[in-house]
Amino acid sequence: MKNLLWLKFIIICIAVISCERQSSDNVKKNLDYSQSSLGLMGKKVYQMHCVNCHSLRGEGGAIGPSLDDLARNMDGTYIRESILEPNRLIKPGYKRDIMPTNYGKLLSEKELDALIFYITNQ
Ligand code: HEC
């Protein structure tokens, strides 16, 4: 009887350990998934709103400047400000009032984060 109790205890321990291992694997998967879904969301926003005017990694229009150098060299804050207030700083050689100024209203905070993540990381 005593032996059986030990056996039960060991089985429960194994069950608990294997459950914990599984759930930490799941957490990792969820993290990877949310990183890639941020990238996917950013890509969608970019293709819907920006690709006609800007090129990035060899794809897109030429009405506005290519974003490649900026994606490599600038931090997200500058990119965010340029999106929200395009007329504050005008890139030399380009005209003001061409880039829409209503992205602050059009895009949610999450979409903006995703967009900047996509521009700087993908
Ligand atoms: C109708 C064309 C047009 C659209 C659409 C547009 N832009 Fe622009 N964008 C421009 C032009 C023209 C400039 C250069 C003038 C200026 O600096 O504001 C510019 C400037 C920028 C700059 C600053 C570039 C630099 O080197 O300083 C960033 C960043 C930028 N756009 C990002 C975006 C993003 C992201 C989107 C999509 C949400 C977008 N733009 C949509 C035309 C556009």
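Residues numbered from 1 in each chain as written. Predicted model: local features only at pLDDT ≥ 70, side-chain atom pairs only at ≥ 80, totals over all residues.

K.L.:
Explanation requested: the site of the ligand in the structure shown.
P.N.:
The ligand sits among 22 residues. The nearest are Cys-50, Cys-53, Gly-64, Tyr-94 and Met-99. Residue contributions to the shell around the ligand peak at 3 residues, all from helix H3 (residues 76-84). (Near = placed C-beta within 6 Å. Helix = DSSP H or I, 4+ residues; strand = E, 2+ residues; numbered from the N terminus.)

K.L.:
What exactly am I supposed to notice about the nonpolar core here?
P.N.:
A general trend in soluble globular proteins is that nonpolar side chains are found buried together. Counting 12 residues, the largest nonpolar core is built from Val-45, Tyr-46, Cys-50, Leu-67, Ile-83, Tyr-103, Leu-112, Ala-114, Leu-115, Ile-116, Tyr-118 and Ile-119. Contributions of two or more residues to this core are made by helix H1 (2-49) and helix H5 (109-121). Considering every element that reaches this core, the biggest residue donor is H5, with 6 residues. Other than its neighbours up to four places away in sequence, Val-45 contacts Leu-107, Glu-111, Ala-114 and Leu-115. (Core = buried A, V, L, I, M, F, W, Y, C linked by C-beta atoms within 7 Å. Buried ≥ 20, exposed ≤ 12 C-beta atoms within 10 Å, placed from the backbone. Contact = placed C-beta atoms within 7 Å.)

K.L.:
Could you clarify how one ought to interpret the confidence of the model for the protein chain in this entry?
P.N.:
A low pLDDT score tells you not to read the predicted coordinates there in detail. Of all residues in the protein chain, 83% attain a pLDDT of 70 or more, and the chain-wide mean is 86. Ranking the elements of the protein chain by mean pLDDT puts H1 last with 75 and helix H4 (residues 103-106) first with 97. (pLDDT = per-residue confidence, 0-100.)

K.L.:
In this structure, what is going on with the environment of Gly-60? I would like to understand it.
P.N.:
Mapped onto the elements, Gly-60 comes out in strand S2 (residues 59-60). Residue Gly-60 is classed as partly exposed on the basis of its C-beta count, with 18 C-beta atoms lying within 10 Å. The spacing of Gly-60 and Gln-47 is 13 residues in sequence and 8.8 Å in space, taken between C-alpha atoms. With residues near it in sequence (within four places) discarded, Gly-60 still touches Val-51, His-54 and Ser-55.

K.L.:
How should the packing of H3 against H5 be read in this particular structure?
P.N.:
The relative placement of two packed helices is expressed as an angle between their axes plus a distance between the axes. At a minimum axis separation of 10 Å, H3 and H5 run at an interaxial angle of 125°. By the angle class used here, H3 and H5 are oblique. When the axes of H3 and H5 are compared, the crossing they make is right-handed. Between H3 and H5, the contacting residues are Gly-76, Ile-79, Arg-80 and Ile-83 on the first element and Leu-112, Ile-116, Ile-119 and Thr-120 on the second. Across the contact of H3 with H5, the residue classes break down as 5 nonpolar, 2 polar and 1 charged. (Axes fitted to C-alpha atoms, helices over the stretch in contact; angles between N-to-C directions. Parallel < 35°, antiparallel > 145°, perpendicular 65-115°, else oblique. Left-handed = near helix turned anticlockwise from the far one by under 90°. Nonpolar A, V, L, I, M, F, W, Y, C, P; charged D, E, K, R; others polar.)

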